[in-house]
Amino acid sequence: MDPNLEYWQNNGKTFLSRLRIWLNILDPSSILSSDVEINNARSLIRRDGNQLKDEKVINAWKLSLCSVHADTGEPISTVLRPQAFLPVSAPFVIASLMPHKGVTPALFWQLLLHGYCAGFNYANRNATATPENKLSTKQSLLITGTVAYSTFAGALPQIIIKRLAVSSSSAQAFCRSVLPVPLSACLAAFSVFVVRSEESENGIKVFDSSGNPVGVSREAGYKAVKETAISRATLFGTTALVPNLMVLLLKRGKLAKMNPVMFAPVRHMSTAIVLGLMIPVSFSLFPQLGKIKKENVEKELQILTGDVELYYHRGL
């Protein structure tokens with residue numbers, strides 16, 4: 001078992017403990033760490049990983065947990081690392097939730113958002129389901145189709161307003177404030193399910209309590225993808241919901257009626273703040289080293305271990 005997974009097994013058993021870890025390691029300043037620095041951190045962990053009071057070891061763990069893939073042991077691409085998710089995706093999320101004047105800008109920002117999310121989902125998947133860790137032609141087509149479909153579906157509120165010439169203020173409010181909330185949540189979950197479909201089709205590696213590999217389980221793969229899809233839907237659904245509620249409350253105040261221009265900056269700032277707060281929360285909803293009961297995996301695996309529960313890498 002990779003050192004990262006062992007760390008999560010020992011220190012990430014509860015939601016609060018996982019949240020504390022994510023708050024510590026989601027440091028944007030580590031985005032530009034070189035492969036040499038990451039490899040040195042991994043070497044230090046393998047040698048002195050148990051010395052958790054040593055400042056150098058603590059920093060090495062932080063860099064390893066947020067920059068190294070737990071299945072391949074290789075550094076994750078710079079812009080697809082967990083600590084890069086907020087600074088990279090925030091402009092896309094803010095722009096995609098704006099009430100655009102035309103369809104083209106809405107499609108453009110939706111394309112950037114869902115293209116990045118698809119890349120992030122794939123880079124942080126459970127790689128044991130992918131033979132030789134290579135992107136297959138089938139998966140390439142699925143990812144491309146996911147991005148195209150999500151782009152169109154994400155811009156659907158703007159398309160409805162423009163193509164159907166919606167003039168009713170209540171109908172426009174529904175399309176711009178209400179519809180994006182469930183749409184954002186559903187599309188985020190859809191992207192995870194499709195981009196990481198190989199995990200439920202091919203299965204992922206499962207381990208016993210000692211960290212020894214037991215075999216490959218499709219049931220564990222489906223559970224890992226489902227948990228990640230729920231966490232991603234929570235992230236984007238909440239990010240779309242809270243700013244709309246804040247703007248709705250502001251519109252009832254006298255100050256907002258006198259200064260309607262304040263709505264845009266409030267919406268943008270609240271979107272960025274909620275996204276930043278929800279990223280570590282959504283990452284912490286489920287353990288990185290998930291558990292599945294032995295009776296829920298394939299029968300051929302049940303006879304290979306005496307443990308009641310098996311472990312799997314959930315991915316991100």
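What you see is a predicted model, and the numbers here were worked out from it, not measured in a lab.

Criteria and thresholds
- Residues numbered from 1 in each chain as written.
- Predicted model: local features only at pLDDT ≥ 70, side-chain atom pairs only at ≥ 80, totals over all residues.
- Heavy atoms only, no water.
- Pairing = 2+ DSSP bridges.
- Helix = DSSP H or I, 4+ residues; strand = E, 2+ residues; numbered from the N terminus.
- Axes fitted to C-alpha atoms, helices over the stretch in contact; angles between N-to-C directions.
- 1 Å grid on protein atoms, 1.4 Å probe; cavity = no way out; pocket = protein on both sides within 12 Å on 5 of 7 lines; lining within 4 Å.
- Points joined across faces, edges and corners; volume = space filled by probe spheres on them.
- Nonpolar A, V, L, I, M, F, W, Y, C, P; charged D, E, K, R; others polar.
- UniProt positions renumbered as here; feature names shortened; annotations may be inferred.
- Contact = heavy atoms within 4.5 Å.
- Polar contact = N/O pair within 3.5 Å; in protein donor to acceptor, adjacent residues only side chain to side chain.
- Parallel < 35°, antiparallel > 145°, perpendicular 65-115°, else oblique.

**Q** Quick question: what am I supposed to make of the sheet that holds strand β3 (residues 289–293) here?
**A** Consider a sheet: its strands pair through backbone hydrogen bonds, and that pairing is either parallel or antiparallel. Here we have four strands laid out as an open sheet, ordered β2-β1-β4-β3, and antiparallel in their pairing. The open sheet terminates on both sides in strands that have one partner only, identified here as β2 (213–217) and β3. Sheet twist, expressed as the average angle between the axes of neighbouring strands with direction ignored, equals 40 degrees. Here strand β1 (residues 204–207) runs beside strand β4 (residues 309–313); their pairing, made up of two bridges, is antiparallel. Within β4, the position partnered with Phe207 by the bridge is Tyr311.

**Q** Any chance you could explain the layout of surface pockets here in plain terms?
**A** Which parts of space are left empty comes out when a probe the size of a water molecule is rolled across the atoms. A volume near 840 Å³ is recorded for the largest pocket. Lining the largest pocket are 44 residues, with Leu97, Arg176, Ser177, Asn244 and Arg267 sitting closest to its centre. Of all the secondary structure elements, the ones that give two or more residues to the lining of the largest pocket are α5 (85–96), α6 (103–123), α8 (156–163), α9 (169–178), α10 (180–195), α12 (218–251) and α14 (263–284). In the lining of the largest pocket, the residues fall into 25 nonpolar, 15 polar and four charged. For the second largest pocket, the lining is made up of 13 residues, of which Glu6, Asn10, Gly49, Asn50 and Trp61 are closest to its centre. Elements with a minimum of two residues in the lining of the second largest pocket: α1 (3–11) and α3 (35–48).

**Q** For this particular structure, what's the right way to read empty space enclosed by the protein?
**A** Evaluation of the coordinates by the stated rule reveals three cavities of 30 Å³ or more. In this model, the largest cavity occupies a volume close to 170 Å³. Every residue lining the largest cavity is counted, 15 residues in all, and those nearest its centre are Leu65, Val68, Ala70, Gln288 and His313. Among the elements that take part in the lining of the largest cavity, α1 stands out by supplying three residues, more than any other. Of the residues contributing to the lining of the largest cavity, the split by class is nine nonpolar, six polar and no charged. In this structure, the second largest cavity spans a volume of roughly 40 Å³. The wall of the second largest cavity is formed by Leu97, Arg176, Pro180, Ala240, Pro243, Asn244, Arg267 and Thr271. Put simply, the parts of the chain that give the lining of the second largest cavity at least two residues each are α12 and α14. The element contributing the most residues to the lining of the second largest cavity is α12, with three residues.

**Q** Explain the UniProt feature "transmembrane region" (unreviewed entry) in the chain to me, please; I cannot follow it from the model alone.
**A** Mapped onto the present numbering, the UniProt feature "transmembrane region" (unreviewed entry) falls at residues 229–250 and 271–289. End-to-end, the C-alpha atoms of residues 229–250 are 32 Å apart, and along that stretch the chain is 100% helix and 0% strand. As a span, residues 271–289 carries 74% helix and 5% strand, and end to end its C-alpha atoms are 30 Å apart.

**Q** Is there a simple way to explain the environment of Asn4 in this structure?
**A** Summarising the element assignment, Asn4 is placed in helix α1. Along the primary structure Asn4 and Ile45 are separated by 41 residues, whereas in three dimensions their C-alpha atoms are 9.6 Å apart. Sequence-distant contacts of Asn4, that is, excluding residues within four places in its chain, are made with Arg42, Trp61, Ser64, Leu65, Val68 and Ala70. In terms of polar contacts, Asn4 uses its side chain to reach the side chain of Ser64, at 2.6 Å.

**Q** Would you mind showing me how to read the packing of helix α7 (residues 137–154) against α8 here?
**A** Two quantities define a packed helix pair, namely the angle between the helix axes and the distance between the axes. Closest axis-to-axis distance for the α7/α8 pair is 5 Å, and the angle between their directions is 50 degrees. With respect to their mutual orientation, α7 and α8 come out oblique. Along the contact surface, α7 presents Phe152, Ala153 and Gly154, while α8 presents Leu156, Pro157 and Ile159.

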